[in-house]
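Listed below, chain by chain, are the residues.
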Amino acid sequence: MQAFLDVFDIYLLEAVINGILLGGVLALLALGLNLIFGVIDVTWICYAELVMIGMYGMYFMVQYYGISYFVAAPLTILLVAVLGAALHYLVIAPLLTAPPINQLLATGGVLFVLQSFATVTFGIDFRNLGIRLPVLAFGDMNFSYARLLSFVAALVGMVAVYLFMTRTFTGTAIRAISQDRQIMALMGVDAKRIYLITSALGGALAGLAACLLVLQYDVHPFVGLSFGPITFLICVLGGLGNFIGGFIASFVFAEIISLGGLFSDLEWGYVLAFAFFIVMMFIRPAGLLARRR
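Each chain has its residues counted from 1, running along the sequence as written. Where local features are concerned, this predicted model is filtered to residues with pLDDT of at least 70; where side-chain atom pairs are given and counted, the filter is 80 or more; whole-chain, interface and lining totals use all residues. Excluded from the side-chain calculations are hydrogens and water; all other atoms, namely the structure's heavy atoms, are used.

Short version of the rule: UniProt positions are given in the numbering used here, feature names are shortened, and annotations may be inferred rather than shown by experiment.
You'll find the protein chain entered in an unreviewed UniProt entry as Branched-chain amino acid ABC transporter permease, with Bradyrhizobium agreste given as the organism. UniProt, in the comment section headed Sequence similarities (unreviewed entry), describes the protein chain in these words: "Belongs to the binding-protein-dependent transport system permease family. LivHM subfamily." Quoted verbatim from the Subcellular location (unreviewed entry) field of the UniProt record, the comment on the protein chain reads "Cell membrane".

## Topic: the confidence of the model for the protein chain
Here is the rule we go by: Per-residue confidence from the predictor is given as pLDDT, running between 0 and 100. Contacts between residues were defined by any pair of non-hydrogen atoms, one from each residue, lying within 4.5 Å.
For the protein chain, the mean per-residue pLDDT works out to 85, and 92% of the residues sit at or above 70. A low-confidence stretch, residues 1-7 stays under pLDDT 50, and its non-local contacts, those more than four residues away or across chains, total zero contacts.

## Some points on the packing of aromatic side chains
To be explicit about the condition: Planes of paired rings set the category: under 30 degrees apart is stacked, over 60 is edge-to-face and the rest tilted, where pairs are Phe, Tyr or Trp rings (Trp by its six-membered ring) whose centres lie within 6.5 Å. Only DSSP runs of H or I reaching four residues or more are called helices, and only runs of E reaching two or more are called strands; each is numbered from the N terminus. When accessible area is computed with a 1.4 Å probe and restricted to protein chains, residues below 20% of their type maximum are described as buried, those above 50% as exposed, and intermediate ones as partly exposed.
Tallied over the entire structure, the rule returns eleven aromatic pairs. Ring centres of Tyr-56 and Phe-60 lie 6.3 Å apart, and the angle between their planes is 20 degrees; this geometry places the pair in the stacked category. Pair noted here: Tyr-56 and Phe-60 are both in helix 2 (residues 47-63), with a separation of four residues, about one helical turn. Of the two residues, Tyr-56 and Phe-60, neither departs from the other in class, the shared state being buried. Residues Tyr-56 and Phe-122 carry aromatic rings whose centres are separated by 4.2 Å and whose planes lie at 20 degrees to one another, so their mutual orientation is stacked. Taken together, the positions of Tyr-56 in helix 2 and Phe-122 in helix 4 (residues 100-122) put the pair 66 residues apart, joining distant regions of the chain. Members of the aromatic cluster, each reached through a chain of ring pairs, are Tyr-56, Tyr-59, Phe-60, Tyr-64, Phe-117 and Phe-122.

## Remarks on the pairing of strand 2 (residues 141-144)
Definition in use: Should DSSP find at least two bridges between two strands, the strands are regarded as paired.
Here strand 2 shows a clear split, with Met-141 and Phe-143 buried on one side and none of Asn-142 and Ser-144 buried on the other. Note that strand 1 (residues 135-138) and strand 2 share four bridges and pair antiparallel. When the sheet's bridge partners are listed, Val-135 is paired in strand 2 with Ser-144.

## Some thoughts on the state of the cysteines
In plain terms, the rule: Cysteine sulfur atoms that come within 2.5 Å of each other are treated as a disulfide pair.
For the structure on display, the rule yields zero disulfides. With no disulfide of its own, Cys-211 lies 18 Å from the sulfur of Cys-46, the closest cysteine sulfur. Judged by relative accessible area, which is 1%, Cys-211 ranks as buried. Here Cys-235 is not disulfide-linked; the sulfur of Cys-46 is the nearest cysteine sulfur, at 13 Å.

Dropping the structure here:
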């Protein structure tokens, strides 16, 4: 009996640590989506599809053109940043004064356009980057180097965004305009320029996420469905536009998924996470960190 408990404790600890590693990547995804909503007040339903395009970019640069992963990564981040800025300029900017439902329908339409484009252009085959990373053995526990690398890179990316937002004039303007759009316009801040920079920054975070997720997922036109819905739920649970709430919600969801996968199949972990979200919407409909009235 004691031996069983010891083994169970090891599996439990391994699941908890894997949940923390997963939470780092989910927090990176949530940061990009929250940043865009907090500043521009538009929810990009198609955000995960930008990640999908970035994953295809990584795949073709590494597999077809023989570019090193560490060279292809910054190129992919730049590619998706440009794509994010183009999405804002072509789709979002004309709809900034439109009703929110029109904005949601527009970004939802972009989601299907990108999925259809990828399906027609690349087919529905599952493609793998082909990089095999070793497994880290720590005692009786095993951890994927891909997850460890993703966790560290995600943290570095989030710290870089934090420093940009707090130590630069542009970052300060982004934070200020997210708090009061009308006043900042009266003070001479070019809101259109800030919106474009924010969209490019959100795209860059999607590109970074693509570079990390391509190590763990096969690339196909619908890969965004693997993490897109859960990212949106994380942002809602944390409070749309609330960076700290999104960060906390990311690790809460990740632990539920990981521990749920320990006691049953991984799919049941996602089911439990969705069930938890539904319950929390009754208890804290405005988000985890919303103030009670």
